[in-house]
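# Overview (structure and organization)
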Amino acid sequence: TQKRIVSSLPNVLAINCNVKNLQQLKFFSSTQNGTPWFKTKFYLKTDKAKGHILAMSGDDGQVDDDQWTEYDLISMISMLIDERGKNDYIDPDTNVDSITDTDAHFVAHVKVHPVYNTADAARKEGKWMLFNDFCVTPTDMKDVMQMYGHKKVPCMLFFAKTGSQDVAKKGLKSTPDLTKDGFHSLCGEKPLTYGRQLKNTFTSLNPKTESPGVTGMKIVGIDCEFVALSKTDKQLHPDGSETILKNARLVLARVSVVRGQGPLKNVCFIDDYVRAVEPVYDYLTRYSGLLEGDLDVGRSKHHLTTLKKTYMKLRYLVDQGCHFVGHGLKNDFKMINITVPPDQIIDTVELFRLAHQRYFSLRFLAAYLLKKDIQGVTHDSIEDANIALELYDVYCELKESGTLKAKLQEMYKWGRENKWDLEKLSTEG
């Protein structure tokens with residue numbers, strides 16, 4: 001027989017709350033002598049002789065053995081129930097109301113390490129932040145502990161060993177997820193659709209001669225396409241106006257990254273189609289260029305991969321200091337949920353704009369400045385990425401010659417006089 005013995009304690013301990021019904025949820029809101037039953041601090045130690053883990057809760061003064069390891073709550077992931085019907089499902093095992101995820105969403109309370117805080121008071125203890133979708137707001141321990149009746153259901157608790165979060169001495173720069181060899185190996189992996197004839201749309205970087213980053217290929221062009229997993233919920237008013245109640249849920253479906261420098265400039269080196277793990281409600285073909293089956297392992301004729309692998313490739317390019325050229329990148333990176341330093345983003349939607357004026361579409365910029373007609377029937381992310389690179393070259397030329405502002409004023413004037421009709425622009429060209 002084999003026996004597993006715990007020899008050490010982890011730096012971070014993740015606990016699944018496993019709350020399935022309202023009766024179990026009451027434990028998290030109950031109190032003992034005025035103090036919450038749920039503890040934000042506890043102590044653990046290993047009994048190596050028996051292979052057990054011993055736990056104890058209490059104040060620091062009650063711990064008289066230095067073998068005890070202190071753990072503090074650093075994060076709580078909870079499910080917020082927006083609405084609950086009166087006729088809920090009754091769990092046959094407990095005969096009480098069960099908790100479902102109908103009309104619910106997840107939030108995270110995170111205790112930010114003191115090194116990230118500026119206020120003296122916050123530096124001592126760390127500050128709690130609430131992450132609710134893309135909304136991040138400061139909060140406090142009282143809000144973390146509050147269950148708000150049955151509206152908040154704790155799902156996962158994360159406790160950190162005291163001192164394990166001390167990153168101040170190590171610095172704030174994160175360790176890259178991939179090495180150079182790992183990145184090139186990932187780019188060279190066979191797609192999920194390997195074995196059938198695929199469309200050849202890109203040429204991978206040469207590990208010996210091409211290295212993305214500040215010491216190699218610093219400029220890259222990028223464009224992303226998305227598909228909708230749900231429809232937009234709207235409310236129609238008597239006057240004919242509409243109110244959006246819930247936006248469509250969009251997910252990344254394709255990423256194209258092209259070379260911005262070197263002898264192979266404008267040649268694509270990443271063209272990932274991301275496998276759909278949920279049913280696609282709308283491929284948004286008019287805007288994405290994607291068709292039904294493009295994200296299906298069994299039918300796709302493209303380089304299909306997983307979201308994680310695509311994300312790791314982009315993360316590597318960000319960590320290497322690459323500057324991304326594209327149109328509307330702020331929204332793209334937000335949808336991908338990847339953080340890119342502002343000085344590494346070159347967004348043509350911002351470059352070609354006067355203060356307090358409307359934004360130019362990529363199609364208009366391509367037609368007016370490059371004399372190219374794009375996105376006529378559908379979009380192609382490789383084409384859009386290359387157009388953004390060409391526009392950046394034009395921007396640099398106008399900036400260097402001192403004629404950028406005059407050119408922008410000329411474009412706005414033409415647009416107003418011609419009601420932004422690109423058909424007139426093509427006939428003039």
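Refer to the preceding data block for the structure.
Every value quoted in this text rests on a predicted model; they were computed, and no experiment measured them. (Residues numbered from 1 in each chain as written. Predicted model: local features only at pLDDT ≥ 70, side-chain atom pairs only at ≥ 80, totals over all residues. Heavy atoms only, no water.)

## Let's talk about the sheet that holds strand β16 (residues 304–305)
The six strands lie next to each other as β16-β15-β14-β11-β17-β18, forming an open sheet whose pairing is mixed. A strand with exactly one partner marks an edge of an open sheet, and here the two such strands are β16 and β18 (345–347). Pairing of strand β11 (residues 219–228) with strand β17 (residues 323–326) involves three bridges; the strand directions are parallel. Bridge pairing in β17 links Val220 to Phe324. Contacts from helix α6 (residues 307–319) reach β11, β14 (250–259), β15 (268–274), β16 and β17 within the one sheet, and its direction differs from that of β15 by about 145 degrees. (Pairing = 2+ DSSP bridges. Helix = DSSP H or I, 4+ residues; strand = E, 2+ residues; numbered from the N terminus. Contact = heavy atoms within 4.5 Å. Axes fitted to C-alpha atoms, helices over the stretch in contact; angles between N-to-C directions.)

## Concerning the layout of surface pockets
For the second largest pocket, the calculated volume is near 530 Å³. Taken together, 18 residues make up the lining of the second largest pocket; nearest its centre are Cys224, Glu225, Tyr287, Asp332 and His379. Secondary structure elements with two or more residues in the lining of the second largest pocket: β11, α5 (285–288) and α7 (329–336). Sort the elements by how many residues they give to the lining of the second largest pocket and β11 lands first, with four residues. Split into classes, the residues belonging to the lining of the second largest pocket amount to eight nonpolar, six polar and four charged. (1 Å grid on protein atoms, 1.4 Å probe; cavity = no way out; pocket = protein on both sides within 12 Å on 5 of 7 lines; lining within 4 Å. Points joined across faces, edges and corners; volume = space filled by probe spheres on them. Nonpolar A, V, L, I, M, F, W, Y, C, P; charged D, E, K, R; others polar.)

## Quick word on α6
If you check α6, its first and last C-alpha atoms are 18 Å apart, about what 13 residues at 1.5 Å a residue would give, namely 18 Å. All buried positions along α6 are accounted for by Thr310, Lys313, Leu314, Arg315, Tyr316, Leu317 and Val318. (Expected span 1.5 Å × (residues − 1). Buried < 20%, exposed > 50% of the residue type's maximum accessible area, 1.4 Å probe, protein only.)

## Examining the packing of helix α9 (residues 362–369) against helix α11 (residues 404–417)
What describes two packed helices is the angle between their axes and the distance between those same axes. At a minimum axis separation of 12 Å, α9 and α11 run at an interaxial angle of 110 degrees. One element, α9, and the other, α11, form an angle in the roughly perpendicular class. Facing α9, whose interface residues are Phe364, Leu365, Tyr368 and Leu369, α11 presents Lys407, Glu410, Met411 and Trp414. Across the contact of α9 with α11, the residue classes break down as six nonpolar, no polar and two charged. (Parallel < 35°, antiparallel > 145°, perpendicular 65-115°, else oblique.)

## With respect to the pattern of salt bridges
What the rule picks out here adds up to 14 salt bridges. The shortest N-O distance in the salt bridge between Lys41 and Glu70 comes to 3.5 Å. Here the residue Lys41 occupies a position in strand β4 (residues 41–47), and Glu70 occupies one in strand β6 (residues 69–81), the gap between them amounting to 29 residues. It is possible to trace a salt-bridge network through shared partners that takes in Arg254, Asp271 and Asp380. (Salt bridge = Lys/Arg side-chain N within 4 Å of Asp/Glu carboxyl O.)

## Things to note about the environment of Gln357
Within the secondary structure, Gln357 sits in the loop between α8 (348–351) and α9. Counting along the chain gives 55 residues from Gln357 to Tyr412, while the straight-line C-alpha distance between them is 8.5 Å. With residues near it in sequence (within four places) discarded, Gln357 still touches Tyr412 and Arg416.

## Some details on unusual backbone geometry
Of note, the phi angle at Leu284 is positive, near 50 degrees, even though the residue is not glycine. Looking at the element boundaries, Leu284 is found in the loop between β15 and α5.

## Section: empty space enclosed by the protein
In this approach a probe as big as a water molecule rolls over the atoms, and the regions it shows empty are the leftover space. Tallied over the full model, the rule gives one cavity of 30 Å³ or more. What the largest cavity holds in volume is close to 80 Å³. Every residue lining the largest cavity is listed: Leu186, Cys187, Glu189, Lys190, Pro191, Leu192, His303, Leu304, Thr305, Lys309 and Lys313. Among the elements of the structure, α4 (180–187), β16 and α6 are those that each provide at least two residues to the lining of the largest cavity. Looking at side-chain class alone, the lining of the largest cavity contains five nonpolar, two polar and four charged residues.

## Some details on the environment of Ser401
Among the structural elements, Ser401 can be located in helix α10 (residues 381–401). With a relative accessible area of 48%, Ser401 lands in the partly exposed category.

## Considering the packing of aromatic side chains
Taken as a whole, this structure holds 14 aromatic pairs when the rule is applied. Ring geometry for Phe352 versus Tyr395: centroids 5.9 Å apart, planes at 80 degrees, classification edge-to-face. Of this pair, Phe352 sits in the loop between α8 and α9 while Tyr395 sits in helix α10; the two residues are 43 residues apart in sequence, bridging distant segments of the chain. Judged by relative accessible area, Tyr395 falls into the buried class, the value being 15%. On the numbers, 6.0 Å between centres and 50 degrees between planes, the contact of Phe364 with Trp414 is tilted. One end of the pair, Phe364, is in helix α9; the other, Trp414, is in helix α11, and 50 residues separate them in sequence. Both residues of the pair, Phe364 and Trp414, count as buried. Three or more aromatic residues joined by ring pairs form one cluster here, namely Phe360, Phe364, Tyr368, Tyr412, Trp414 and Trp420. Sitting over the face of the ring of Trp420, Arg358 holds its NZ or CZ atom 4.0 Å from the ring centroid. Lying over the aromatic face of Tyr368, Lys371 brings its terminal NZ or CZ to 5.6 Å of the ring centre. (Phe/Tyr/Trp six-rings, centres within 6.5 Å; stacked < 30°, edge-to-face > 60°. Lys NZ or Arg CZ within 6 Å of the ring centre and 35° of its normal.)

## Some points on the packing of α9 against α10
Two numbers describe how α9 lies on α10: the axes approach to 10 Å, and their chain directions differ by 55 degrees. The orientation of α9 with respect to α10, classified from their angle, is oblique. As for how α9 packs across α10, the hand of that crossing is left-handed. Only Asp384, Ile387, Leu391 and Val394 of α10 make contact with α9, whose side of the interface consists of Leu362, Leu365, Ala366 and Leu369. Its residues assigned to classes, the contact of α9 with α10 comprises seven nonpolar, no polar and one charged. (Left-handed = near helix turned anticlockwise from the far one by under 90°.)

## Concerning the side chain of Asn386
Mapping Asn386 onto the fold places it in helix α10. For Asn386, the contacting residues outside a window of four places in its chain are Val258 and Asn266.

Treat this as a map of the structure, not an account of what it does.
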